Amino acid sequence: GGSGPGGGESPTGGGFFSVSLCRPTLLTRDVPDREVFAIVSNGQRTMPVTEWPCLALFHVTRSTILTIRTVTSTSPEALKRDMFSVLAKVVVPCCDLPLELGETEEVVKY
């Protein structure tokens, strides 16, 4: 297993990969009456993002697929009750990311 950028070695193989999220503005201009959130998942752990910016650390292997959904909801409480609308969804196969330390120092943008 390898390590993710800024991450460390995991005893179960793979490594840790940090995800930095900033509040999207282009997607949210037409929804002024609702709050904008994100939901990030690595297939094992799902994390709601209710504050911007957000830094999340996920365990990943080459077979992990990170899913990032930008959603709107009336409140953080409504988001926790699965009451939201999806604005956008990005799927990031970790086999495409540089997971080995020293492999790259570039920022990967999707």
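Okay, so let's go over this structure. None of the values given here were measured: they were computed from a predicted structure.

Criteria and cut-off values
- Position numbers for residues count from 1 along each chain, tracking the sequence in the order it is written.
- Since the coordinates come from a predicted model, pLDDT governs what is reported: local features require at least 70, and pairs of side-chain atoms require 80 or more to be given and counted, while whole-chain, interface and lining totals use all residues.
- The side-chain quantities take in all heavy atoms of the structure and omit both hydrogens and water.
- Runs of E in the DSSP output that reach at least two residues are strands. Runs of H or I that reach at least four are helices, and both are numbered from the N terminus.
- The cut-offs for exposure are 20% and 50% of the maximum accessible area for each residue type, with area from a 1.4 Å probe on protein chains only; residues under the lower value are buried, those over the upper are exposed, and the others partly exposed.
- Geometry of aromatic contacts follows a simple scheme: Phe, Tyr and Trp rings, the Trp one being its six-membered ring, pair when their centres are within 6.5 Å, and the pair is stacked under 30 degrees between planes, edge-to-face over 60, tilted otherwise.
- Only Lys NZ and Arg CZ are tested; either one counts as a charge over a ring when it is within 6 Å of the ring centre and within 35 degrees of the ring normal.

### Re unusual backbone geometry
Now for step 1: Omega for the bond connecting W52 with P53 falls within 30 degrees of zero, at -15°, which places this linkage in the cis form.
Now for step 2: The residue P53 is located in the loop between β3 (46–49) and β4 (54–60) in this model.
Now for step 3: Located in the positive-phi region is D82, a residue other than glycine, with phi close to 60°.
Now for step 4: For D82, the position within the fold is in the loop between α1 (76–80) and β6 (85–93).
Now for step 5: Look at D82 and you get exposed, because its relative accessible area is 62%.

### Considerations on the packing of aromatic side chains
Each aromatic ring pair is summarised here by two numbers: the centre-to-centre distance and the angle between the ring planes.
Now for step 1: Counted according to the given criterion, the structure contains zero aromatic pairs.
Now for step 2: One residue, R45, lies across the ring of F58, its end atom 4.7 Å from the ring centre.

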